[in-house]
Amino acid sequence: MYTEQVMDHFAHPRNVGEIPDADGIGEVGNAVCGDIMKMYIKVDNDVITDVKFKTYGCGSAIATSSIATEMIKGHTIEEALKLSNKAVVEALGGLPAHKIHCSVLAEQSIKAAIADYYKRQGIDPTPIVGEIPECEGGHCHA
Ligand code: FES
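All of the points below concern the structure found in this document. (Residues numbered from 1 in each chain as written. Predicted model: local features only at pLDDT ≥ 70, side-chain atom pairs only at ≥ 80, totals over all residues. Heavy atoms only, no water.)

Observations regarding the pairing of strand β1 (residues 24-29)
And step 1. Strand direction decides the pairing type here: β1 and strand β2 (residues 36-44), joined by six bridges, are antiparallel. The partner of G24 across the bridge, within β2, is I41.
And step 2. What sits between β1 and β2 in their antiparallel hairpin is a turn of six residues, with G34 showing a positive phi close to 85 degrees. (Pairing = 2+ DSSP bridges. Helix = DSSP H or I, 4+ residues; strand = E, 2+ residues; numbered from the N terminus.)

And the structure:
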């Protein structure tokens, strides 16, 4: 039911942890399952030089975030913003239909971290990053 890539990233997640002096931190959650994703980025000259994530989430959330960090590390913010959850799922060789929502956490937490990065520069992130439903339904911290 899960592909080899999913199992690999779940068993050996890449880029797990925190960046103490991160340039941007994004936290998003899914109100339905209660899972939370936190993403840390370091940015130099518009390039994401380092990225780490921490999650209280399911295996699919771990696998999608792990591969998503690999797909944005060393890339520009512009490229990272284009990374859709669909592309992440494709890179994993697919996810069961009822697990697709888990990959959304990966995409949204990256966008939230980039939004935080812009806010710290005094730049309004909304026109660049768009609206991020931080906690769908607003219950994820409950
Ligand atoms: Fe909540 Fe996967 S079940 S993120």
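Here we look at the sheet that holds β2
And step 1. Taken in spatial order, the three strands make up an open sheet running β1-β2-β3, and their pairing is antiparallel. The sheet is open, and its two edges are formed by β1 and β3 (47-56), each paired on a single side. For this sheet the average axis-to-axis angle between neighbouring strands, irrespective of direction, equals 15 degrees.
And step 2. Against the sheet, helix α2 (residues 59-72) touches β2 and β3, its axis set at about 175 degrees to β3. (Axes fitted to C-alpha atoms, helices over the stretch in contact; angles between N-to-C directions. Contact = heavy atoms within 4.5 Å.)

Topic: the packing of helix α1 (residues 4-11) against α2
For any two helices packed against each other, the geometry is given by the interaxial angle and the distance between the axes.
And step 1. α2 packs onto α1 with a crossing angle of 90 degrees between their chain directions and a minimal axis gap of 8 Å. Considering their axes alone, α1 and α2 lie roughly perpendicular with respect to each other. Contact with α1, carried on its side by V6, H9 and F10, involves G59, I62, A63, S66, I67 and E70 of α2 and no other residues of that element.
And step 2. In terms of residue class, the contact of α1 with α2 is built from five nonpolar, three polar and one charged. (Parallel < 35°, antiparallel > 145°, perpendicular 65-115°, else oblique. Nonpolar A, V, L, I, M, F, W, Y, C, P; charged D, E, K, R; others polar.)

A few points about the pattern of salt bridges
And step 1. Scanning the entire structure with this criterion turns up eight salt bridges.
And step 2. Residue R14 pairs with E70 through a salt bridge whose shortest N-O separation is 3.6 Å. Highlighted residues: R14 in the loop between α1 and β1 and E70 in helix α2, separated in sequence by 56 residues.
And step 3. Since its relative accessible area comes to 40%, E70 is described here as partly exposed.
And step 4. Two residues, K73 and D50, come together in a salt bridge whose shortest N-O distance is 3.4 Å. Here the residue K73 occupies a position in the loop between α2 and α3 (77-82), and D50 occupies one in strand β3, the gap between them amounting to 23 residues.
And step 5. Judged by its relative accessible area of 35%, K73 is partly exposed. (Salt bridge = Lys/Arg side-chain N within 4 Å of Asp/Glu carboxyl O. Buried < 20%, exposed > 50% of the residue type's maximum accessible area, 1.4 Å probe, protein only.)

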